[in-house]
Amino acid sequence: MGLFDFIRKGLSKTREKLVSGLRAVLPFGRKIDEDLLDELYVAMLAGDIGPATADRLQDEIRAAWKAGKLSEAQEILAFLKDTIAGTWTSGDRQLARAESGPTVIFVVGINGSGKTTSVAKLCQFLRARGDSVLLGACDTFRAAAIDQLTIWAERLGVDIVKHQPGSDPAAVAFDACEAGLARGVDTILIDTAGRLHTQDHLMAELNKIQRVVQKKIPAAPHEVLLVLDATIGQNAVNQARSFAEAVDVSGLFVAKLDGSAKGGIVVSIHDQLAIPVKFIGLGETPEDIRPFDPGEFVEALFESEPEEVNK
Amino acid sequence: MFETLSDKLGGIFGGLRGRGKITEANVQEAMRQVRTALLEADVNVEVARDFVKRCQEAALGQEVIKTLKPDQVMIKVVHDQLVELMGPIESRIPFVSQPPTVILMAGLQGSGKTTTCAKLARYCQMRGKKPILVAADLKRPAAIDQLEVLGKQLNVPVHTERDHQNPVKVCRNAVHAARKSDRDVVILDTAGRLAIDDELMSEVSQVANATRPHQIYLVLDAMTGQDAVATAKAFDARLELDGAILTKFDSDTRGGAALSVKAVTGKPIKFIGVGEKLEALEEFHPERVAGRILGMGDVVTLVEKAHETMDAEQAQKAQEKMAKGTLGLDDFLSQLEGFRKMGPMKQVLKMIPGMGDALKNVDLPESELNRFKGIIHSMTPKERANPDRIEASRRRRIAKGCGCEPQEVSALVKQFLNMRPLMKMMAGGGIGDRMAAMQSLGNMGQLQAGQVPKIARGSTKYDPRKADKIRKKRKRSRRRK
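Since we're looking at a predicted model, the values are computed, not measured.

Summing up its helical and strand segments, chain A has 12 helices and 8 strands in all. Each of the 311 residues in chain A was classed as buried or not, and the buried ones make up 60%. Carbon and sulfur atoms form 51% of the exposed surface of chain A, whose accessible area is close to 11,500 Å².

Below is the structure:
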């Protein structure tokens, strides 16, 4: 299965929901009018493209319509596709690398967004390209989170630095960096505890981990990946914003994009925040990770033959 | 980003206020705003559409036309409709007369099933039950360990079969074992699964067939977007849910998913998870979530929180002093401390009606409070009791003591003296006065020293009689327990 097929399959649910929703309001031959634009707006919201982004897209369609570029409903889909694909800047979606020594990557996110699984996926991804990886189990809060990461480390055959449950996550991160330096690994992946972006003290803790790690590796973290659950609705934008306030979030990892109807949120996040989406997670095994490619994503999102969906 | 629905409706009808005339077009515009507010709160599109229709009918029946404050009436209509749609609820778990009561928990990955299982076990424990947790999540690494750790924290046994691969067998064995033991509630923690994953969905229905659970709960992340409905429907079709538990409600989500789930499946929300600790499980109250969806406040929770965290005796003393207008800085400090215990400033203030989203971008003086504390600690007890006695020389001394400028000391004192009459009002007046005072207190942080805060009177966003009723009802039900 090619890469394109893979993403398309993962996004089949999304496409079904979003595009068929759009299609329903865009019958062939219908003339564009304000009513249609309103229905279109609702259809976009139903696909989890948030109000702000849907507003903007609606405005652009209206402008194109007023300018005489669009007149009938069936032209809108193609126009939307171009508009959305056009917004993705070719910004750097590569993982950052340290100039010398190990690259430190923080993986952060709210509870249950899929951080630990995403860490395993990243680990697999990095190993596949030949990096040596060390894991730091800094989720010392949730019961058995350390065990979960340990199991992954064993399965993937990488080293892990861990402490007792309940210990200071910053200390674990520090030790992980020390071990990483000593062993000369390429990448240190730090798995942090889930925290709701509204919990100020936990966001401060994140900040502390960063400060402590910098004592060992001054340029760290080279990359802070925020893991977002794709099934989350408009709150995802809030989350990204709050996390970015506490630490320099350098990229997003959109997890659980398979089987959910939520591709729209990716459009929304990309539109409203300057943080690039770097990876998407599309399944449960460590291999189910793909670097985000906007062209492919939009292509898959608006792919027009529904018959091969799901099957 | 979010403008509250109340503001928007106020905008639409504001110009008409007093003239008492509303056209059909106005109502329709208002309904569009209602719909947008619902969608912003992640309420399902279909549900929002139906809901708006119902509101429109209800609004016309209410003779909105004649009222003086049409925007407020509209809000009330919408709010009531929301409450009606989400309620009535029965959050108690119906334990069966012949134990054990078997409860099956299902949901998506990362929705919070395992934690919620433990919370539910604690809930049962508090009601004199002897629960047992069953680790039937054999998929996620260390899920069994997680449940065991949580069980240990609660002193609740955990049934595990580590070498089994089949959750159906594990669950069946667990229920059998529970029948023979003294355990009267069995909570099955199943693996997370996507609603579209046929294989796993039939596995969970097999578990249900094998164990015949008395209650089946869907655990759903309160932040779930438009997909909530599809998920709830799919699980309901397979499992015939008895209710849902919404987790992570302590985030800043509007909780529109709650409305969608109830509207589509007809199954009630039983509980909400409001924190990471195991005691953070609350019964679901539709009126609170309604307020949240609309971006209004949540006074009832605020008052309850205050009761929980503030030292009753101290509060009584402070209240007396407040009523007399002799409150000192000492008391003020302990009040502030109590206030802070209720949670982050921003979150607490958000519960005050009308403040909700106005605060979204306001930086609240959390650190300011620390500074206040420093300044007050540098005063002598006498100065604290009578802040009006602080003159230039004392001011300089205090400033030196806490490392700030004398102006800051005088600003604090002035603010405090301005606040005293407000506090008096809060302590003495009716609930309407209190709320008004609270609101202006909330604004305090942004005030310039010496400026007298404005008091917004007669806010009708909040219906004191109704809150009283709710509170009384809850008191009664608590007594019954």
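So, on to a positive patch on the surface. Residue and element names in this part refer to chain B. On the surface, Lys469, Lys472, Lys473, Lys475, Arg476 and Arg479 cluster together to form a positively charged patch. Examined against the element boundaries, Arg476 turns out to sit in helix H21 (residues 464-480). Residue Arg476 is classed as partly exposed on the basis of its relative accessible area of 44%.

With that settled, consider the interface of chain B and chain A. At the interface, 38 residues of chain B touch 44 residues of chain A. Regarding the contact of chain B and chain A, the summed buried area is about 3,400 Å², with carbon and sulfur atoms giving 58% of it. Joining chain B to chain A, the criterion identifies 2 salt bridges. The residue Arg35 of chain B makes a salt bridge to Asp38 of chain A at a minimum N-O spacing of 3.4 Å. Linking chain B with chain A are 8 residue pairs in polar contact (both at pLDDT 80 or more). Those elements that provide at least two residues to the side of chain B that touches chain A are helix H2 (24-40), helix H3 (45-61) and helix H6 (143-154) of chain B. Element by element, the count of residues in the side of chain B that touches chain A is highest for H2 of chain B, at 5 residues.

This paragraph deals with the pairing of strand S4 (residues 187-192) of chain A. Side-chain direction in a regular strand flips from residue to residue, so the side chains alternate between the two faces of the sheet. Residue and element names in this part refer to chain A. With 6 of 6 residues buried, S4 lies mostly within the body of the structure. Relative to S4, strand S1 (residues 103-109) runs parallel, the two sharing 5 bridges. By the bridge assignment, Val104 is partnered in S4 with Ile188. Relative to S4, strand S2 (residues 133-138) is paired through 6 bridges, and the arrangement is parallel. Looking across to S4, one finds that Val133 is bridged to Thr187.

This part is about the packing of helix H3 (residues 34-46) of chain A against helix H4 (residues 51-66) of chain A. Residue and element names in this part refer to chain A. Two elements in contact, H3 and H4, have axes whose closest approach is 9 Å; the angle formed by their N-to-C orientations is 150 degrees. Judged by the inter-axis angle, H3 sits roughly antiparallel to H4. As for the relative orientation of H3 and H4, their crossing is right-handed in sense. Contacts between H3 and H4 involve Glu34, Leu37, Asp38, Leu40, Tyr41, Met44 and Leu45 on the former and, on the latter, Pro51, Ala54, Asp55, Leu57, Gln58, Ile61, Arg62, Trp65 and Lys66.

Moving on to the sheet that holds strand S6 (residues 243-247) of chain B. All names here are of chain B. Strand order in the open sheet made by the 8 strands is S3-S2-S4-S1-S5-S6-S7-S8, with mixed pairing throughout. The open sheet terminates on both sides in strands that have one partner only, identified here as strand S3 (158-159) and strand S8 (281-283). The sheet contact formed by strand S2 (residues 131-136) and S3 spans 2 bridges and is parallel. Across the sheet, Val134 pairs through a bridge with His159, a residue of S3.

Relative to the helices and strands, Ala24 of chain A is located in helix H2 (residues 12-25). The sequence separation of Ala24 of chain A and Glu39 of chain A amounts to 15 residues, and the corresponding C-alpha distance is 9.5 Å.

This part covers the side chain of Asp184 of chain B. One can find Asp184 of chain B in the loop between helix H7 (167-180) and strand S4 (185-190). It turns out Asp184 of chain B is buried and unbridged, and the closest side chain with the opposite charge, Lys129 of chain B, is 4.7 Å from it.

The next thing to look at is helix H9 (residues 228-239) of chain B. Residues and elements named next belong to chain B. An ideal rise of 1.5 Å per residue puts 16 Å on 12 residues; H9 measures up with 16 Å between its terminal C-alpha atoms. Within H9, the full set of buried residues consists of Ala228, Val229, Thr231, Ala232, Ala234, Phe235, Asp236 and Leu239. Looking at the buried side of H9, the elements it contacts are strand S1 (101-107), helix H8 (198-211), strand S5 (215-221) and helix H10 (256-265). A positive phi of about 50 degrees marks Glu240, the residue just after H9.

In the structure shown here, the tally under the stated rule is 3 aromatic pairs over all chains. Ring centres 5.0 Å apart and planes at 75 degrees place the aromatic pair Phe125 of chain A and Phe279 of chain A in the edge-to-face group. Pair noted here: Phe125 of chain A is in helix H6 (residues 115-128) and Phe279 of chain A is in strand S7 (residues 277-281), with a separation of 154 residues, a long-range link. Among the aromatic residues, ring-to-ring pairing joins Phe125, Phe253 and Phe279 of chain A into one connected group. The residue whose ring lies beneath Arg155 of chain A is Trp152 of chain A, and the NZ or CZ to ring-centre distance is 5.0 Å. Over the ring of Phe95 of chain B we find Lys129 of chain B; its NZ or CZ atom is 4.6 Å from the centre of that ring.

Here we take up the confidence of the model for chain B. In this model, chain B carries an average pLDDT of 76, and 69% of its residues clear a pLDDT of 70 or more. Prediction confidence for the complex, expressed as pTM and ipTM, is 0.69 and 0.73 respectively.

Residue and element names in this part refer to chain B. Along the chain, the position of Glu161 falls in the loop between S3 and H7. Judged by relative accessible area, Glu161 falls into the buried class, the value being 15%. With 26 residues separating them along the chain, Glu161 and Ala135 place their C-alpha atoms 7.9 Å apart. Setting aside its immediate chain neighbours within four residues, Glu161 contacts Val170 and Asn173. Within polar-contact distance, the side chain of Glu161 engages the side chain of His164 at 3.2 Å.

Our focus in this paragraph is H6 of chain B. Residues and elements named next belong to chain B. Helix length check: H6 (12 residues) gives 17 Å between terminal C-alpha atoms against 16 Å at 1.5 Å per residue, within 8%. All of the buried residues along H6 are Ala143, Ile144, Asp145, Gln146, Leu147, Leu150, Gly151 and Leu154. Positive backbone phi, at 65 degrees, marks Asn155, one or two positions downstream of H6.

This paragraph deals with the pattern of salt bridges. Within the structure shown, the criterion is met by 27 salt bridges over all chains. A salt bridge links Lys31 of chain A to Glu72 of chain A; its shortest N-O distance comes to 2.9 Å. Of this pair, Lys31 of chain A sits in the loop between H2 and H3 while Glu72 of chain A sits in the loop between H4 and helix H5 (74-87), and the two are 41 residues apart along the sequence. Two residues, Arg129 of chain A and Asp131 of chain A, come together in a salt bridge whose shortest N-O distance is 3.4 Å. Linked by salt bridges that have partners in common, Glu383, Glu391, Arg394 and Arg397 of chain B make up one network.

This paragraph deals with unusual backbone geometry. Following Ala220 of chain A, the chain continues to Pro221 of chain A via a peptide bond in cis, the omega torsion being -10 degrees. When you line up the elements, Pro221 of chain A lands in the loop between helix H9 (200-216) and strand S5 (223-229). Here Pro99 of chain B and Pro100 of chain B are connected by a cis peptide whose omega angle stands at 5 degrees. The backbone of Lys256 of chain A shows a phi angle near 60 degrees, a positive value even though the residue is not glycine. For Lys256 of chain A, the location among the structural elements is in the loop between strand S6 (251-255) and helix H11 (264-272).

A word on the environment of Asp242 of chain B. Residues and elements named next belong to chain B. Structurally, Asp242 can be placed in the loop between H9 and S6. A C-alpha to C-alpha distance of 8.2 Å links Asp242 and Leu218, two positions 24 residues apart in sequence. Those residues within four positions of Asp242 in sequence are excluded, and the remaining contacts are His214, Gln215, Ile216, Tyr217, Pro268 and Lys270. From its side chain, Asp242 meets the backbone nitrogen of Ile216 in a polar contact 2.7 Å long.

What counts as what
Residues numbered from 1 in each chain as written. Chains lettered and ligands numbered in written order. Predicted model: local features only at pLDDT ≥ 70, side-chain atom pairs only at ≥ 80, totals over all residues. Heavy atoms only, no water. Helix = DSSP H or I, 4+ residues; strand = E, 2+ residues; numbered from the N terminus. Buried < 20%, exposed > 50% of the residue type's maximum accessible area, 1.4 Å probe, protein only. Areas by Shrake-Rupley, 256 points an atom, 1.4 Å probe, with all protein chains shown as cover. Patch = residues over 30% accessible without salt bridge, like charges linked within 9 Å, V, L, I, M, F, W, Y side chains within 5 Å. Salt bridge = Lys/Arg side-chain N within 4 Å of Asp/Glu carboxyl O. Lys, Arg positive; Asp, Glu negative; His and termini not counted. Charge placed at Lys NZ, Arg CZ, Asp CG, Glu CD. Contact = heavy atoms within 4.5 Å. Buried area = accessible area lost by both parts, 1.4 Å probe. Polar contact = N/O pair within 3.5 Å; in protein donor to acceptor, adjacent residues only side chain to side chain. Pairing = 2+ DSSP bridges. Axes fitted to C-alpha atoms, helices over the stretch in contact; angles between N-to-C directions. Parallel < 35°, antiparallel > 145°, perpendicular 65-115°, else oblique. Left-handed = near helix turned anticlockwise from the far one by under 90°. Expected span 1.5 Å × (residues − 1). Phe/Tyr/Trp six-rings, centres within 6.5 Å; stacked < 30°, edge-to-face > 60°. Lys NZ or Arg CZ within 6 Å of the ring centre and 35° of its normal. pLDDT = per-residue confidence, 0-100.

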